[in-house]
Amino acid sequence: MAFVALTVALAAGHLLAFDQRVADWAFAHQPPVLYWTARVLNYLGQGGQVLTPVALILTGLLVWRTRSVRAVFPFVAAFVLTYLTIGPAKLLFDRAAPAFTGPDKTELFNPAAIGKYGMSYPSGHMGNVLVWYTVMAVLIAALLHRPLTRREWLALRVAPVVIVFCTTVYLGFHWVTDSVAGVLLGLVLARIIARIPWDAIPLPALRGWERPAGFSASRL
């Protein structure tokens, strides 16, 4: 698994100098216009402030339309999966963010970067953006009763990932390898969510669940 290979490489001391060089360049090239533009765009990857509320609204709309408890399952699955994977991984690896002022800030398992100071690896921004936009794609396809078009799929599943990756690294919120690790982990979680046949789960519908075209969001 690529996430494991990257983690082993970082623990062995590889790519740390690369991370530091990229972060140094980013901090040295942040004029106000670019900085604040990046800050605004980075909100596309904010789980608690943006992604979760939007997904919750879409879930509510689908529950109202279908009168089925199944409409809640993608949201619940995303919340549980991210809570059980990304959060514990951050606590396990004890890696500081680029803005950390203590010693050995690029290293994993850094005893100087424990607790809230060691939550950089893997990037929660990238894990969230992959998981929650997948949930949105599933819910929107169900609400539209059709699969997403290629343009819609790119707008929901690709563009936010690219934007959040670039802005997260540029702003120094995470090292490059933190963001790569978040992408790798997020891809696995997003694939799980997209492949589950939500409308086929054997539970009674509240009232006439329909099987909307594209609800399983098999396109990845």
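Before reading on, note that the structure itself is shown above.
Residues numbered from 1 in each chain as written. Predicted model: local features only at pLDDT ≥ 70, side-chain atom pairs only at ≥ 80, totals over all residues. Heavy atoms only, no water.

Draft legend 1. Region of the structure containing the overall build of the protein chain. From N to C terminus, the protein chain includes nine helices and zero strands. Taken from N to C terminus, the helices and strands of the protein chain fall in the order α-α-α-α-α-α-α-α-α. Taken over C-alpha atoms, the radius of gyration comes to 19 Å for the protein chain, in line with the 17 Å a tight globule of 220 residues would show. Along the first, second and third principal axes, the C-alpha set of the protein chain runs to 60 × 35 × 25 Å. Looking at the protein chain as a whole, 45% of its 220 residues qualify as buried. (Helix = DSSP H or I, 4+ residues; strand = E, 2+ residues; numbered from the N terminus. Rg over C-alpha atoms; globule rule 2.2 N^0.38 Å. Buried < 20%, exposed > 50% of the residue type's maximum accessible area, 1.4 Å probe, protein only.)

Draft legend 2. Looking closely at the packing of aromatic side chains. According to the stated counting rule, one finds eight aromatic pairs in the structure shown. Geometrically, the ring pair formed by Phe100 and Tyr117 is tilted, given 6.3 Å between the ring centres and 50° between the ring planes. Here Phe100 is found in the loop between α5 (73-93) and α6 (124-144), whereas its partner Tyr117 is found in the loop between α5 and α6, with 17 residues between them in sequence. Residue classification places Phe100 among the buried residues on the basis of a relative accessible area of 14%. Taken together through their ring pairs, the aromatic side chains of Phe3, Phe93, Phe109 and Tyr121 make up a single cluster. (Phe/Tyr/Trp six-rings, centres within 6.5 Å; stacked < 30°, edge-to-face > 60°.)

Draft legend 3. The arrangement of the layout of surface pockets in detail. Here the largest pocket defines a volume of roughly 210 Å³. Around the largest pocket, the lining comprises 15 residues; the ones closest to its centre are Gly47, Gly48, Thr82, Asn128 and Trp132. The set of elements that each furnish at least two residues to the lining of the largest pocket consists of α4 (47-66), α5 and α6. Sort the elements by how many residues they give to the lining of the largest pocket and α5 lands first, with six residues. Its residues placed into classes, the lining of the largest pocket shows four nonpolar, ten polar and one charged. (1 Å grid on protein atoms, 1.4 Å probe; cavity = no way out; pocket = protein on both sides within 12 Å on 5 of 7 lines; lining within 4 Å. Points joined across faces, edges and corners; volume = space filled by probe spheres on them. Nonpolar A, V, L, I, M, F, W, Y, C, P; charged D, E, K, R; others polar.)

Draft legend 4. Expanded view of the packing of helix α1 (residues 2-11) against helix α9 (residues 176-195). Contact geometry of α1 with α9 gives a least axis separation of 9 Å together with a crossing angle of 155°. As summarised for this structure, α1 and α9 are arranged roughly antiparallel, according to the angle between their axes. Considering the relative orientation of α1 and α9, their crossing is left-handed. Between α1, through Ala2, Phe3, Leu6 and Leu10, and α9, the contact on the second element is made entirely by Thr177, Val180, Ala181, Leu184 and Leu185. Residues that form the contact of α1 with α9 fall into these classes: eight nonpolar, one polar and no charged. (Axes fitted to C-alpha atoms, helices over the stretch in contact; angles between N-to-C directions. Parallel < 35°, antiparallel > 145°, perpendicular 65-115°, else oblique. Left-handed = near helix turned anticlockwise from the far one by under 90°. Contact = heavy atoms within 4.5 Å.)

Draft legend 5. Local environment of the pattern of salt bridges. Using the criterion set out here, one finds three salt bridges in the structure. The network of salt bridges with shared partners includes Asp19, Arg95 and Asp178. (Salt bridge = Lys/Arg side-chain N within 4 Å of Asp/Glu carboxyl O.)

Draft legend 6. Fine view of the side chain of Asn110. Tracing the sequence through the fold places Asn110 in the loop between α5 and α6. Its relative accessible area of 2% is what places Asn110 among the buried residues. Polar contacts involving the side chain of Asn110 include one to the main-chain amide nitrogen of Ala112, which spans 3.0 Å. When residues no more than four places from it in sequence are discounted, the contact partners of Asn110 are Phe93, Asp94, Phe100, Pro103, Asp104 and Lys105. (Polar contact = N/O pair within 3.5 Å; in protein donor to acceptor, adjacent residues only side chain to side chain.)

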